[in-house]
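Single-letter residue listing:
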2 protein chains.
Amino acid sequence: MAVMAENSRETQPHVVIIGGGFGGLHAAQSLGSKAVRVTLVDRRNHHLFQPLLYQVATATLSPGDVAEPLRQIVRRHRNVRTLLAEVTAIDLEGKTITLAEGDQLQYDYLILAAGGRHAYFGHDAWEPLAPGLKTLEDALEIRRRILSAFERAERLCLEARDSGEQVPGDVIKALLTFAIIGGGPTGIELAGALTEIAQHTLAGEFQGIDPRQARIIVLEGESRVLPAMPAKLSHKAETALKRLGVEVRTHSLVTDVTEDGISVGEEFIPVKTVFWAAGVAAAPLARTLGVPLDRAGRVPVEPDLTLAGHPEVYVIGDLSTESKPTGPLPGLAAVAMQEGRAAAENLLRSEQGIARLRFRYRDRGAMAIIGRGSAVAAFPHGVQIAGPVAWLAWLFIHLYMLIGFENRVLVLMQWAWSYLTWNRGARLITETSISEAIEASARARGRPRGRTSA
Amino acid sequence: MAVMAENSRETQPHVVIIGGGFGGLHAAQSLGSKAVRVTLVDRRNHHLFQPLLYQVATATLSPGDVAEPLRQIVRRHRNVRTLLAEVTAIDLEGKTITLAEGDQLQYDYLILAAGGRHAYFGHDAWEPLAPGLKTLEDALEIRRRILSAFERAERLCLEARDSGEQVPGDVIKALLTFAIIGGGPTGIELAGALTEIAQHTLAGEFQGIDPRQARIIVLEGESRVLPAMPAKLSHKAETALKRLGVEVRTHSLVTDVTEDGISVGEEFIPVKTVFWAAGVAAAPLARTLGVPLDRAGRVPVEPDLTLAGHPEVYVIGDLSTESKPTGPLPGLAAVAMQEGRAAAENLLRSEQGIARLRFRYRDRGAMAIIGRGSAVAAFPHGVQIAGPVAWLAWLFIHLYMLIGFENRVLVLMQWAWSYLTWNRGARLITETSISEAIEASARARGRPRGRTSA
């Protein structure tokens, strides 16, 4: 019986899934142990639980807590294989995808779930100055910048004091200012966590600077933060942020980002550390399809999630957009997961010669965490909550959604630990970043190599 | 009273400690809240618990579990300040140290604890081909290489099979071979953990290759592994390694390392992944002292740990060597910690005008872990144990020595999890390493950009 199954496998249709995020992974799992051969292709060897990524960036969690090897997640499905590779092009006519070094892979069905990345709206030069938060590497870079800013300010302060010079107050102030461009959930979460770091975690560990004097600014172009949520919750979130000491600026479009600060119209804000949480665009892979894309580079799909004229190609998650009177679906994990399962189901229906179903998103709500004991959540049927109850709901829902029992236990423990002690277990500056930080620090002081006596 | 203490602080002697490893940190803690001003300088913002670093390299633990911010460790001592900086030179006459970007710092006392780094015995070209394990970055690089080797082998296998070509058996075999140069504790621990990864963690997750066929080789130049331990334990360790399937080669001096393999005399072993656990030399900073160093670049010190002719300078840990009839002390954490405390005590004695004490190392023993349920330990008075009891002792001693209560709990949990499930929580390939791995994989196949159909 096992031999028969092996033999018949060669003739089974080959499904290629590009992307192991929420959409691709749920499609792969839904096709697991079905009569298809599945190849799951991703540049990374791990599925990333993006909703908790900001906690890696703000030193509460370690990378291993929010990521799980794809190979391990799908290991029990013998018909699913994992390929660590970057896809560079898709040939719809030839039913072929091209991998980074030129190899090609043929498919009978394609599920395209390559996701999104930061969009700088034509200002790509801002990217190194204001990194965004999409990958584990991004999170470690943000963590490094946050911690290094305090270290650099401290060092400037101590050196000036040791040598009897005037402490360069303006530079210190710019080093202790953090600007977050974008007031969506990621921006809010980063701002809230940054406040805790400055007010509690680092307080009392420095002798030159006072980390509690850090200034944290959230800049949102729209009229309110969390613009995708009900207005009442936006205002509750804004109030909660202000209570934490965060400066919330709405109607604030950033017009320039430089090494020394950001411009908002005529105003210039001196700030050394800027993060980008403002825009998401579809992965550039979509462009290789040769079909018209929407403004954000997303692929318009039919109501059954297939590409018009290509019933063998599904596009899901942040990469796709369904033209609806209500506008595109939000870029949420829940949307991608439901689309992944629906694409898998439609694919199997096609194989069986049954009509495909129209995809219908079941709204499970949306939420954002602000700080300890503080969150906002909008559930279906107009249920809106804020405060400690929303916060607890956020914690439990995210723990529940996390893949891997070990991850759940470790994350729960680290949350409990952070909550009780205000401490953060992953406060590490890694990579060969120190000499760079030092150079930048020397530059910031705007004076030649000096001499400090103690 | 507090004001008086503040005022008198300016006149207190300034102690500069270079290095926040076991030696420097214990010196700083011993000087905490004493009548001296202490500046602890390190390139990293964290103290690293090196004995568990191999577990980060082999995906059991996350970087945050084995590292703790220096600033946090010394936070309760108001007289200890932390400086994130790289020291490039020491001027003994001017009592000054120079930092990477040219700034200088004056000291009244100096405790030099800059530690060691890998020594390639004149073969520095081997370093990129055979990385060692000293820093968190090293550990992540080793983890990446281990996991990528399996991924590359799998991909070659699947692509050849899909396109109906012959699977390149020799290349696959070289990719699934891992050579560890050096049979000391680090080499043994890496080899044991690698076996577990291949035999259990990854087994059953690949469809082209069988990870259990991985070949793991330990090469030791001396006549036995763990040459610093009693011969009986060396032989027990060797037997335990062989039982795990590790190839142990003693009397094996590696004469060349290339991208395709290593040479041991006349013999060439095709191997794509090589790690260096063979030699440690003192940090190059020692050379700037302008005093004669020993063969490994270490600084000879007086019996009271001071530098000859410079009673204000202490050199401790892996950077120092005391000329003794019994030879230099081993490069153990215990030695560095005891020396750190002794240097601090002698420094305070000098301040008080009391004679300094001769340093005497209290041997607490040495141990090495081989695999689950298997370790060897040599305690004072000839007590030697091996097997499960030694393993349990290893676990508890290392947990106990780990700094930070949270780290202890997290590490214990992850050990329990790994033990029960054979799973490893930190199996992540990070950094922009994939395209590099892919290129290498294309090169390994030795053919131009091919075409694979599925």
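This text follows the structure it describes.
**Q** Break down the interface of chain A and chain B for me, with residues and values.
**A** Counting from both sides, the interface comprises 71 residues of chain A and, opposite them, 73 residues of chain B. Interface area for chain A against chain B, summed over the two sides, is near 7,000 Å², with a carbon-plus-sulfur share of 50%. It is Arg-71, Glu-101 and Glu-406 of chain A in chain A that bury the most area against chain B; as a group they hold 10% of the surface buried on that side. In this assembly, chain A and chain B are joined by eight salt bridges. Note that Glu-151 of chain B is salt-bridged to Arg-71 of chain A, the shortest N-O span being 2.7 Å. At the junction of chain A and chain B, the tally comes to 16 residue pairs in polar contact (both at pLDDT 80 or more). Breaking the side of chain A that touches chain B down by element, the ones donating at least two residues are strand E4 (67–69), helix H4 (70–73), strand E5 (80–84), strand E7 (96–99), strand E8 (104–106), helix H5 (136–162), helix H11 (405–421) and helix H12 (434–445) of chain A. Tallying contributions element by element places H5 of chain A first for the side of chain A that touches chain B, with nine residues. Across the side of chain A that touches chain B, the residue classes tally to 26 nonpolar, 22 polar and 23 charged.

**Q** I'd like to hear about the relation of the copies chain A and chain B, residue by residue, with values.
**A** Each copy superposes on the other: chain A lies on chain B with an RMSD of 0.0 Å after a rotation of 180° and an axial shift of 0.0 Å. Such a combination of turn and shift is consistent with a two-fold rotation axis. When the interface residues of chain A are mapped onto chain B, 100% of them again fall at the interface, so both copies present the same face.

**Q** Explain the nonpolar core to me, and be specific about the residues and the numbers.
**A** Among soluble globular proteins, nonpolar side chains are generally buried collectively. Grouped together as the largest cluster of nonpolar side chains are 72 residues, with contacts concentrated most on Leu-52, Phe-150, Ile-180 and Trp-394 of chain B. Ignoring sequence-local partners within four residues, the contact set of Phe-150 of chain B consists of Leu-176, Phe-178, Ala-198, Leu-202, Phe-206, Ile-209, Pro-211 and Ala-214 of chain B. Tyr-54, Val-66, Phe-150 and Ile-209 of chain A belong to the second largest nonpolar core, which has 70 residues in total.

**Q** Before we move on, could you go through the packing of helix H10 (residues 388–401) of chain B against helix H11 (residues 405–421) of chain B and cite the residues and values that matter?
**A** Residue and element names in this part refer to chain B. Close contact between H10 and H11 brings their axes to 9 Å; oriented N to C, the two are set at 150°. For the element pair H10 / H11, the angle class is roughly antiparallel. On H11, the residues touching Trp-391, Trp-394, Leu-395, His-398, Leu-399 and Tyr-400 of H10 are Arg-408, Val-411, Leu-412, Trp-415 and Tyr-419. Tallied by class, the residues present in the contact of H10 with H11 amount to nine nonpolar, one polar and one charged.

**Q** Describe the sheet that holds strand E24 (residues 374–379) of chain A, and please don't skip the residues or the numbers.
**A** Residues and elements named next belong to chain A. Taken in spatial order, the three strands of this open sheet run E23-E24-E25, and their pairing is antiparallel. Across the chains shown, the open sheet's two edge strands, defined by having one partner strand only, are strand E23 (366–371) and strand E25 (383–386). Within this sheet the neighbouring strands show an average axis-to-axis angle of 5°, counted without direction. For E24 and E25, the ladder comprises four bridges, and the chain directions are antiparallel. Directly across from Ala-377, in E25, lies its bridge partner Ile-385.

Thresholds applied
Sequence order as written defines residue numbering, which begins from 1 separately in each chain. For naming, the first written chain is A and the first written ligand is 1, with later ones following in the order written. With the structure being a predicted model, the display of local features is reserved for residues of pLDDT at least 70 and the display and counting of side-chain atom pairs for 80 or more, all residues being used for whole-chain, interface and lining totals. Only heavy atoms go into the side-chain values, all of them from the structure, while hydrogens and water stay out. Residues are treated as being in contact if the distance between any of their heavy atoms lies within 4.5 Å. Computed with a 1.4 Å rolling probe, the buried area is the accessible surface lost when two parts are put together, summed over both parts. For this document, the term salt bridge refers to a Lys or Arg side-chain nitrogen within 4 Å of an Asp or Glu carboxyl oxygen. Think of a polar contact as two N or O atoms within 3.5 Å of one another; within protein, one of them needs to be a possible hydrogen donor and the other a possible acceptor, and neighboring residues in sequence only count if both atoms come from side chains. Secondary structure is summarised from DSSP: a helix means a run of H or I of at least four residues, a strand means a run of E of at least two, and numbering begins at the N terminus for each. Classes in brief: Ala, Val, Leu, Ile, Met, Phe, Trp, Tyr, Cys and Pro nonpolar; Asp, Glu, Lys and Arg charged; the others, Gly included, polar. Copies overlap after least-squares fitting; the atoms used are the C-alpha atoms of residues with pLDDT of at least 70 in both. By nonpolar core we mean a set of buried residues, namely Ala, Val, Leu, Ile, Met, Phe, Trp, Tyr and Cys, connected to one another through side-chain atoms within 4.5 Å. When accessible area is computed with a 1.4 Å probe and restricted to protein chains, residues below 20% of their type maximum are described as buried, those above 50% as exposed, and intermediate ones as partly exposed. Here an angle of 0 to 180 degrees is reported between the N-to-C directions of two axes, which are lines fitted to C-alpha atoms, with helices fitted over the stretch in contact. These descriptions rest on fixed angle ranges, namely under 35 degrees for roughly parallel, over 145 for roughly antiparallel, 65 to 115 for roughly perpendicular, and the rest for oblique. Being paired, for any two strands, means DSSP has found at least two bridges between them.

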